[in-house]
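Letter by letter, the chains look like this.
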Amino acid sequence: MPRPTPKSSNRTQPINAQPEVVSPLWLVKAIAVTIVAALLCGYLTLCLLFYQGQWQLVLHPTRTFAAPTSIAGIPYELIHFGPDESATPQLTGWWIPSSPPARYPHATILFLPGGDGSLADSIPTLASLHNLGLNVFAFDYRGYGQSAATRPSQQNMTHDADSAWQYLTNSRALPPQQIIPYGTGVGASLATQLAASHNTIPALILDSPRADLLELAQHDPRARLLPVRLIFHEHFPLAAPLSALRTPKLLLTRAASPDQSFRTAADPKLTVELPSPADALYSQSLARFLDQYLPPAPTQQLVPSPAPTH
């Protein structure tokens, strides 16, 4: 039986087919896109690192491991307060009671330090306030001094200031009408926020404030190429809160011209420019301000004795 003849295919195999060639222009575009993507990722990473570490531009904490034996020779009580979820105190403070006979034995200064160093750097100021006849409570924010080793930030420090207020009003049962926040440096912003949150506060003292820190961050060489205005959040605002705060204010400045936030602060206010040294004028200004705005000491109501029974 004859074999069938295979059918011939109509397809013709290409002879010497040319390989596909990648366009050089496409390669250049691909490389350019890769470089741009890498630069964008690097820039976003840089922005993230700045966002997380921006506190270091405006806050410079110092840790201490031993409490002083006294405050310029004045005895004091070391206080641990502000417990966290595990009931462990996070904050360390100093309670400096007034010495009899004190001029203002019923009044307490809640001292809110600045963002540089630690509370130990404020000992001369604390001694001056005590010598004026006041009780003084001062503390280190978390990340400072002997308080918990937590990264400081505006949010954390605001919470710490509120913890100090709660300690005085709850644990020590001090009347809010007798507590005067005293803020220095960035502590001026925290003191102002306290006064704005508690209308029972009788007066506010701000000493050489350092707040509204956006401009400071913008001029830092490390942030020159970053969108600082968009990602900076350690502002410690002062000018806007002061302009709306009706609490009596003593504004102390040690510069030739007052801070802009002082100029726009709402009345009533007393602005004092302190020379250097300023011990006498400093004490006189505080005494004048306290005499005018501090409520008098509460009087003890006499309970009549029961009538004698026969």
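As shown above, the structure is provided for reference.
In this report, we go over the structure that sits alongside the text.

Cut-offs applied
Residues numbered from 1 in each chain as written. Predicted model: local features only at pLDDT ≥ 70, side-chain atom pairs only at ≥ 80, totals over all residues. Heavy atoms only, no water. Helix = DSSP H or I, 4+ residues; strand = E, 2+ residues; numbered from the N terminus. Contact = heavy atoms within 4.5 Å. Areas by Shrake-Rupley, 256 points an atom, 1.4 Å probe, with all protein chains shown as cover. Pairing = 2+ DSSP bridges. Axes fitted to C-alpha atoms, helices over the stretch in contact; angles between N-to-C directions. Core = buried A, V, L, I, M, F, W, Y, C linked by side-chain atoms within 4.5 Å. Buried < 20%, exposed > 50% of the residue type's maximum accessible area, 1.4 Å probe, protein only. Polar contact = N/O pair within 3.5 Å; in protein donor to acceptor, adjacent residues only side chain to side chain. Right-handed = clockwise from strand over helix to strand, strands pointing away.

Turning our attention to the overall build of the chain. A tally of helices and strands in the chain yields 10 helices and 10 strands. A sequence separation of at least 24 residues applies to 66% of the contacts in the chain between residues at least 6 apart. When the accessible area of the chain is evaluated, it comes to approximately 18000 Å², of which 58% is carbon and sulfur surface.

This next bit is on the sheet that holds strand β7 (residues 179–185). Spatial ordering of the open sheet is given by β2-β3-β6-β4-β7-β8-β9-β10, a layout of 8 strands whose pairing is mixed. Looking at strand neighbours, the two that pair on one side only are β2 (77–83) and β10 (269–273), the edges of this open sheet. Taken pair by pair, the neighbouring strands of this sheet meet at an average axis angle of 20°, ignoring direction. Direction of pairing for β7 relative to strand β8 (residues 204–209): parallel, over a ladder of 4 bridges. Paired with T184 across the two strands is D207, which belongs to β8. Across the sheet, helix α10 (residues 279–293) touches β7, β8, β9 (249–253) and β10, and the angle it forms with β9 is around 170°.

Across the chain, the bulk of peptide bonds are trans and the bulk of non-glycine residues have phi less than zero. Between P100 and P101 the backbone carries a cis peptide bond, its omega angle lying at -5°. Along the chain, P101 falls in the loop between β3 (89–96) and β4 (108–112). Looking along the chain, the bond that leaves D267 and enters P268 is cis, with omega of 0°. When you line up the elements, P268 lands in the loop between α9 (260–263) and β10. Unusually for a residue other than glycine, A87 sits at a positive phi of about 65°. Within the secondary structure, A87 is located in the loop between β2 and β3.

Here the focus is the nonpolar core. Among the nonpolar cores identified, the biggest contains 46 residues, and L110, L112, F137 and L206 are the most heavily contacted of them. Once you skip the residues sitting within four places of it in the chain, L110 turns out to touch F137, F139, A164, W165, L168, I179, I180, P181, Y182 and L194. I74, V136, A203 and L270 belong to the second-largest nonpolar core, a separate cluster that totals 34 residues.

This part takes up the pairing of β3. By the criterion of burial, β3 is predominantly enclosed, with 7 of the 8 residues buried. The pairing of β2 with β3 spans 6 bridges and is classified as antiparallel. If you follow L78 over to β3, its bridge partner there is W94. Taking the residues between adjacent antiparallel strands as the criterion, β2 and β3 are bridged by 5 residues, where A87 takes a positive phi near 65°. Bridging between β3 and strand β6 (residues 135–140) involves 5 bridges; their strand directions are antiparallel. Within β6, the position partnered with W95 by the bridge is F137.

With that settled, consider the side chain of S285. Structurally, the position occupied by S285 is in helix α10. A distance of 2.7 Å separates a polar side-chain atom of S285 from the backbone oxygen of L281. Apart from residues no more than four positions distant in its own chain, S285 is found in contact with L250 and V272.

Glancing now at the side chain of T247. If you trace the backbone, T247 turns up in the loop between α8 (239–244) and β9. The buried category is assigned to T247, whose relative accessible area is 9%. With near-sequence residues (within four places) excluded, T247 lies in contact with A195, I201, P202, A203, L204 and P268.

Our next topic: the pairing of β8. The buried fraction of β8 amounts to 5 of the 6 residues, a majority that puts the element mostly inside the structure. Handedness of the β7-helix α5 (residues 187–197)-β8 crossover: right-handed. Where β8 lies against β9, 4 bridges are found, and the strand directions are parallel. Paired with I205 across the two strands is L250, which belongs to β9.

Nothing here speaks to function; it is all geometry.
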